[in-house]
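Survey of secondary and tertiary structure
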Amino acid sequence: MSMSDSDFSSHGADYKNFRQISRDPRNYLNSGENRDFIKRIKLPSALKGSGEGLLNEMLRSTKTDDSKSTWKVLIMDRVTTKVMSSSCKMSDITDQGVSLVEDLYRRRQPLPSMDSIYFIQPSKEKVPLYKKAYVFFSSPIPKDLINRIKNDTSVLPRIGALREMNLEYFPVDSQALITDQERALEELLGQNAANTRKFDNCLNTMATRISTIFASLKELPFVRYRAAKNLDGSAVTAFNDTVPTKLAAEVWSLLDKYKSTIPNFPQTGTCELLILDRSIDQIAPVIHEWTYDAMCHDLLDLDGNKYIHEIPSKTGGEPEKKEVLLEDQDPVWLELRHAHIADASERLHDKMTNFVSKNKAAQLHQKKDSGEISTRDLQKMVQALPQYSEQMDRLSLHIEIAGKINRIIREMELRELGQLEQDLVFGDAGAREVINFLRTKQDATTENKLRLLMIYASVYPEKFEGDKGLKLMQQFRLAKLSPEDMKIVNNMRMLEGSSAAPKKMSGGGFSLKFDAHKTKNAARKDRTTEEETWQLSRFYPMIEELIEKLNKGELPKNEYLCMNEPSAPVTQATDGASARMSQSSAPQLAKSRRTATWARSRVSDDGSSSDSALRNGSMDFKNMGQRIFVFIIGGATRSELRVCHKLTTKLRREIILGSSSFDDPPQFLTKLKMSSEKEIPLDGLGIYTFA
């Protein structure tokens, strides 16, 4: 899937989808002055697309003429185990000659006759337990660690290889990754995060893992970030607001070092990185997103992407439970995940109808039921059964999931709630409509009532201040939320979303009479260029506007600064930031060095194993512009991932979403609840937050 360097490279390197890096051996580097000490692997002539590409190259590099060991031990730590898990299955590891996988930090039995492969973070752990150790570090090796290894005569003779592999990020989608920091919202943006060791450790780890993305891709981004604003002069707000600035500085410091330590690393910008935090949009994590993917994670009890369903027992007994993964390898999931749930349900019904009408095995089954089947027909049916069974199982699975989601939507009356949520966001509803909902829908779940109030608080923050807030909360007692629940609303407000929250309205105080003609706030404007095919699909996350402005070079300079702003020609100097940004962000300035792997619609009438759809998914984007990376501190959402896929098609630039974690609404509520530890009054409302 690589492109020729002459056509698709700005600094002479083969390129591919970012997720392939973790599955491909082209990620090893020399370390500056230690270049002779840290040996390089001989690169293969062709890029590999298989998941075990990385492991294959690691194992190949450990095979030497004097090594008689066939089986090896693979030692990893917690982080590298997760990295490897995103690329390989356990069967792939054993198939390649690994007989034992060990945890670096657990007590292990010495095996002096076996060679070992260490895939670990830079560590001072000694490796004398095995005959020879081939050591692969997941991030750059500190100079003091290299010197320590050089001078340790008990370790050095046993090291067969010492190499750096910039792989400390975790792909969760063809266009999404995480740094795997579930507590980042609390440790970086929490009420008591300022000047703590947890803050420093979390920020440094995040910066290191982000930098390995660009080291492995051989990309040098223009590092842009949301600038700090002192919204109310409080120390907490001022500190929280500087987190994107601090992270951008750390990331740029690491990237600047790569320019002199990584061979062939670009010296000028090749892509865009925009660093934001969760305060940029506090509505996206809690509003009901109506796509198939989001509904699965919001309403069903999934374990990550794992769904458990019941299938008929082959022996006629109790139904058996089966685990399935909702991921890219499933062509039906790939096609429908970003579709509105109503659209997905209709298309699944059409697929099943087409499948039954066109599949030979299905037709022969019907003949069998009517007693009209011949021996030849029976033979054809047996030959077609494996494929028939696979396709039928896949379609039946998604029909079951969609049916369960639609049943939950009906039982919880989510359509009415979803309409109110969207009306609030777009300024078509206010406190009167919220109070009326709480009065008439008292059987709504606590979570749904809480999410509704959080949306209202984000759209109307001024109504939660002082006496106005006290009066409002008297009305909102209809929600019957506990102080612990209201703690979540307070903590959300402490994030101080500068972009998501509208300006305070001028005029008199809050009125409980709810003047019907009073102008309402709006957190979003209707996008007149967008076609609305399905109800409840008006909402879009804030990053959609930000990415489009970045693409056009129109991000406001006073709100979004750049660590390495490109120089603009003198003739355009008066145009300010927009002119300079356009030099780096305009998609026509540089072509993509690889194609996106997801981009084309995977349409399959019958849910067949559409390998061709997966192979040809990138054919529409051979001339893509420079990548855009968006990193959100504190968690990203399904709606934001959907937007990145959508804009990749629209802008013809691969948009990659990164975050500390991916959070579904229940997870986000839990994290907000944990983001404060002390008892803090809620602006005179008589409500307190508790540890």
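As shown above, the structure is provided for reference.
Residues numbered from 1 in each chain as written. Predicted model: local features only at pLDDT ≥ 70, side-chain atom pairs only at ≥ 80, totals over all residues. Heavy atoms only, no water.

For the rest of this paragraph, the subject is the overall build of the chain. Looking only at helices and strands, the chain features 25 helices and 15 strands. Taking as baseline every contact in the chain between residues at least 6 positions apart, the subset at least 24 positions apart corresponds to 76%. Roughly 30800 Å² of accessible area belongs to the chain as shown, and the carbon and sulfur atoms make up 48% of that amount. (Helix = DSSP H or I, 4+ residues; strand = E, 2+ residues; numbered from the N terminus. Contact = heavy atoms within 4.5 Å. Areas by Shrake-Rupley, 256 points an atom, 1.4 Å probe, with all protein chains shown as cover.)

This next bit is on the pattern of salt bridges. Enumeration over the complete set of coordinates arrives at 37 salt bridges. Where Arg 224 meets Glu 272, a salt bridge forms, and the shortest distance between an N and an O atom there is 2.9 Å. Residue Arg 224 is located in strand E9 (residues 221-226), and its partner Glu 272 is located in strand E10 (residues 271-277); the two are separated by 48 residues in the primary sequence. Between Arg 524 and Asp 281 there is a salt bridge whose closest N-O contact spans 2.7 Å. Taken as a pair, Arg 524 in the loop between helix H20 (483-494) and helix H21 (542-552) and Asp 281 in the loop between E10 and helix H11 (292-299) lie far apart in primary sequence, 243 residues in all. Summarising the burial analysis for this pair, Arg 524 and Asp 281 share the class buried. One salt-bridge network, held together by shared partners, links Glu 335, Asp 343, Arg 347 and Lys 351. (Salt bridge = Lys/Arg side-chain N within 4 Å of Asp/Glu carboxyl O. Buried < 20%, exposed > 50% of the residue type's maximum accessible area, 1.4 Å probe, protein only.)

Time to look at the sheet that holds strand E14 (residues 625-633). The sheet built from 7 strands is open, its strands ordered E7-E8-E15-E14-E10-E9-E13 with mixed pairing. Taken across any chain shown, the strands that pair with only one partner, and hence form the sheet edges, are strand E7 (170-173) and strand E13 (560-562). Sheet twist, expressed as the mean angle between neighbouring strand axes with direction ignored, is 25 degrees. Relative to E13, E9 runs antiparallel, the two sharing 3 bridges. Paired with Tyr 225 across the two strands is Leu 561, which belongs to E13. Each of E7, strand E8 (176-178), E9, E10 and E14 touches helix H8 (residues 197-217); the most contacted strand, E14, lies at about 165 degrees to it. Here helix H10 (residues 243-261) sits on the sheet and contacts E9, E10 and E14; the angle it forms with E9, its principal contact strand, is near 165 degrees. (Pairing = 2+ DSSP bridges. Axes fitted to C-alpha atoms, helices over the stretch in contact; angles between N-to-C directions.)

Before going further, it helps to examine the packing of H20 against helix H25 (residues 665-674). The contact between H20 and H25 brings their axes to 8 Å, and the two run at 85 degrees. Taken together, the axis directions place H20 and H25 in an arrangement best described as roughly perpendicular. Seen from H20, the contacting residues are Glu 484, Lys 487, Ile 488, Asn 491 and Met 492; seen from H25, they are Leu 669, Leu 672 and Lys 673. (Parallel < 35°, antiparallel > 145°, perpendicular 65-115°, else oblique.)

To continue, consider the packing of helix H18 (residues 446-459) against H20. Close contact between H18 and H20 brings their axes to 10 Å; oriented N to C, the two are set at 25 degrees. Here H18 is positioned roughly parallel relative to H20, judged by the angle of their axes. Our pair here, H18 against H20, has a crossing hand that is right-handed. The residues of H20 that touch H18, namely those facing Thr 446, Leu 450, Met 454, Ala 457 and Ser 458, are Asp 485, Ile 488, Val 489 and Met 492. (Left-handed = near helix turned anticlockwise from the far one by under 90°.)

This part takes up empty space enclosed by the protein. The tally for this structure, following the rule as stated, stands at 6 cavities of 30 Å³ or more. At the level of elements, H11 and helix H24 (638-651) are the ones that each hand at least two residues to the lining of the second largest cavity. Here the lining of the second largest cavity gets 3 residues from one element, more than from any other, and that element is H11. Its residues assigned to classes, the lining of the second largest cavity comprises 5 nonpolar, 3 polar and 5 charged. (1 Å grid on protein atoms, 1.4 Å probe; cavity = no way out; pocket = protein on both sides within 12 Å on 5 of 7 lines; lining within 4 Å. Points joined across faces, edges and corners; volume = space filled by probe spheres on them. Nonpolar A, V, L, I, M, F, W, Y, C, P; charged D, E, K, R; others polar.)

This brings us to helix H13 (residues 341-358). Given 3.6 residues per helical turn, the α-helix brings residues three or four places apart onto the same face. In this model H13 runs 26 Å from its N-terminal to its C-terminal C-alpha over 18 residues, within 8% of the 26 Å that 1.5 Å per residue would give. Within H13, the full set of buried residues consists of Ile 341, Asp 343, Ala 344, Leu 348, Lys 351, Met 352 and Phe 355. Down the axis of H13, the smallest arc covering the buried residues is 165 degrees, so these residues share one side. (Expected span 1.5 Å × (residues − 1). Arc of directions from axis to C-beta.)

Now for the nonpolar core. Counting residues in each nonpolar core, the largest one holds 146 residues, and the members touching the most others are Leu 188, Leu 247, Tyr 292, Ile 405 and Met 454. For this core, the element with the highest residue contribution is H8, accounting for 10 residues. Once you skip the residues sitting within four places of it in the chain, Ile 405 turns out to touch Tyr 292, Met 295, Cys 296, Leu 299, Leu 300 and Ile 341. (Core = buried A, V, L, I, M, F, W, Y, C linked by side-chain atoms within 4.5 Å.)

Let's shift gears to unusual backbone geometry. Residue Asn 195 is not a glycine yet carries a positive backbone phi of 55 degrees. Topologically, Asn 195 is positioned in the loop between helix H7 (184-189) and H8. Residue classification places Asn 195 among the exposed positions, given a relative accessible area of 70%. One non-glycine residue, Arg 652, adopts positive backbone phi at about 55 degrees. Inspection of the secondary structure puts Arg 652 in the loop between H24 and strand E15 (653-659).

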